[in-house]
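This is what each chain is made of:
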Amino acid sequence: MATPIQDKPLAETQNSMLATTLSLFDSAFERLELDEGIAAIMRQTETEMAVTIPIVGDDGKIMTFKGYRVQHSSARGPSKGGIRYHPDVDIEEVRALAMLMTLKCAGVNLPFGGAKGGISVNPAQLSMHELERLTRRFAKMIAPILGGKRDIPAPDMNTNEQTMAWFMDEISSRQGYYSPEITTGKPIILGGSEGRTEATGRGVAIATVEMLRKQGRDPEGARVVIQGYGNVAYYAANILADEYGCQILAVSDVSDAIYNPNGLDLPSINDHVLRSPGHLLQGYGQNGDVDHITNAELLTLEADVLIPAAIENQITEKNAAQIKAQIIVEGANGPTTYKADAILQDNGVVVVPDILANAGGVIVSYFEWVQDLQFFFWDIDEVRARLHKKMSQSFEEAWTMAETRGVDLRSGVYLLAVDRVAKAIQKRGFVSSGS
Ligand code: NAD
């Protein structure tokens, strides 16, 4: 008798993010009327590795940490996904995020499958040397399942280009030659791509403009409210204002939320954030040219577009009915709950889902991998032009699928993604009777 891949199918998860992904996935499957056997394959992860990572601390004592790498699918290409360092990392969360990566890559038609990894650790409690030892040891332990044509890590929560440089160095040393294609999100000097830092925010800006145009509105002067002012929100805000003439009415972070119904002065905000300790909004606008509001108030402001670009679960059944923007573009992952989504749909609010809206980052990661494989690097204009083309095409495909099937944009992207992965599995013949 065949051995099951894992003892507990994804379908039995207690993880709410995974449960939401699976229910969207299941309804896409029903609509596509695809083979139930293919669904069974896609509900499982392909490969899972759990390791205990020992390192010697700066004080000479041994510490151990749990680490994971999960590959959900390699049906459409090497699996791709970030590595996060956080105390809450566990196998369930990593599985959920790996599955989401398969769908995200397929949704924007990148030739990748999905993976995710992480270590259960609070990196703030480790020194730089301890973090380097932890990263190198983890890379060594999961190296047997990694590779530029097999599984390509990227930065995620609490990891960065330095983490990816250590990863790449460790695996390259093991192979005996420099292999930049092993990770993405690296420093530019080690094969990173121009335009990677701004990519997610730029993609969010492009998705916003596409959505406005679909509704026959001119982006010039469109009133936009943004939750967050970190990497994604900062670039989305500045690109929308500088390149498309949008009016940014409000932005926020953990320290404050600032609002001006006539539009914020972004250059002076940027100047403040750059100089302030922790790069926070706190202390901005002492001369009374902005209103200080709460993050909750920001979400329900009068505006054309709301971009939640901070953290998950911000638009819930409690505040969805009060949202006044007609368009929501999800810069963050999972900012809208399942129940809120239904309320927004009833109220005619159009949501550009995270899986599409914030895909700019993984698209430029794909460009980085392509450049690394060729050892031929593009300038910033080429990266931006290619990102623009890919985001616009992906938006158009999702829009067409949603229109054809009479569903919302989120379901449209899921239909595209599930269909692409299922067809790849079928064509490869994973389930043919002859194999
Ligand atoms: P970041 O850490 O640079 O910025 C997060 C921002 O949210 C900061 O301004 C922070 O102060 C604010 N914030 C945190 N907690 C908050 C709270 N409780 N209320 C209000 N604001 C709060 O992170 P980022 O890279 O900009 O990522 C933002 C979101 O986008 C996350 O959901 C992330 O998973 C998602 N995302 C990021 C990328 C990327 O390339 N950076 C790609 C895809 C998705």
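Here the structure is a predicted model, which means the values were calculated and not measured.

Cut-off values and rules
Throughout, residues of each chain are indexed from 1 in the direction in which the sequence is written. In keeping with the predicted nature of the model, local features appear solely for residues at pLDDT of at least 70, side-chain atom pairs appear and are counted solely at 80 or more, and the whole-chain, interface and lining totals rest on all residues. Computation of side-chain values covers all heavy atoms of the structure but excludes hydrogens and water. Note on conventions: DSSP H or I runs of at least 4 residues are helices, E runs of at least 2 residues are strands, and numbering of each starts at the N terminus. What a helix should span is 1.5 Å times the count of its residues minus one. Only protein chains enter the accessibility calculation, which uses a 1.4 Å probe; a residue is then buried when its area is under 20% of its type maximum, exposed when over 50%, and partly exposed in between. Each residue is tested against the molecule or strand, and it is near if at least one of its non-hydrogen atoms lies within 4 Å. Counted as a polar contact is a pair of N or O atoms within 3.5 Å, where, for protein atoms, one must be capable of donating a hydrogen and the other of accepting one, and residues adjacent in sequence contribute only when both atoms are in side chains. Method for areas: the Shrake-Rupley scheme with a 1.4 Å probe, in which residue coverage is limited to the protein chains shown. Confidence of the predictor in every single residue is expressed as pLDDT, which spans 0 to 100. Here, two residues are considered to be in contact whenever any of their heavy atoms come within 4.5 Å of each other. When DSSP locates at least two bridges between a pair of strands, those strands are taken to pair.

Quick look at helix H14 (residues 409–428) now. For H14, which comprises 20 residues, the first-to-last C-alpha distance of 29 Å matches the rise-based estimate of 28 Å (1.5 Å per residue) to within 8%. Counted residue by residue, H14 has 16 buried out of 20 residues, so it is predominantly covered. Of the residues trailing H14, Gly-429 is marked for its positive phi of about 80 degrees.

Another aspect to go through is the site of the ligand. Around the ligand sit 16 residues in total, of which Thr-200, Tyr-229, Asn-231, Val-232 and Val-254 are the nearest. One of the backbone nitrogen or oxygen atoms of Tyr-229 is found 3.0 Å away from an oxygen atom of the ligand. Backbone polar atom of Val-254 to an oxygen atom of the ligand: 3.0 Å apart, as the coordinates give it. Protein contacts shield 67% of the accessible area of the ligand, which totals 820 Å² for the unbound molecule. When residues of the shell around the ligand are traced back to their parent elements, those giving at least two are helix H6 (196–214) and helix H7 (231–244).

Turning our eyes to something else, we now look at the confidence of the model for the chain. Confidence along the chain averages 93 in pLDDT terms, with 95% of residues attaining 70 or more. In this model, residues 1–8 is a region of pLDDT below 50 whose contacts with residues beyond four sequence positions or in other chains number nine contacts.

Let's shift gears to the environment of Ile-293. Looking at the secondary structure, you find Ile-293 in strand S9 (residues 291–293). Relative accessible area serves as the criterion here: at 18%, Ile-293 is assigned to the buried category. The spatial distance from the C-alpha of Ile-293 to the C-alpha of Ser-252 is 9.0 Å, given a sequence separation of 41 residues. Apart from residues no more than four positions distant in its own chain, Ile-293 is found in contact with Asp-256, Ala-257, Tyr-259, Leu-298 and Leu-301.

It is worth spelling out unusual backbone geometry at this point. Look at Asn-158: it is not a glycine, yet its phi comes out positive at around 65 degrees. Note that Asn-158 resides in the loop between strand S5 (151–155) and helix H5 (161–175). Residue Asn-158 is classed as partly exposed on the basis of its relative accessible area of 45%. In this structure, His-279 takes a positive phi of about 50 degrees despite not being glycine. You can see His-279 is positioned in the loop between helix H8 (266–275) and S9.

Side chains of strand S10 (residues 305–308) alternate between two faces, with Val-305 and Ile-307 and Leu-306 and Pro-308 buried alike. Judged from the four bridges that link them, strand S6 (residues 223–227) and S10 form a sheet pairing that is parallel. Bridge pairing in S10 links Val-225 to Leu-306. Bridging between S10 and strand S11 (residues 327–329) involves two bridges; their strand directions are parallel. If you follow Val-305 over to S11, its bridge partner there is Ile-327.

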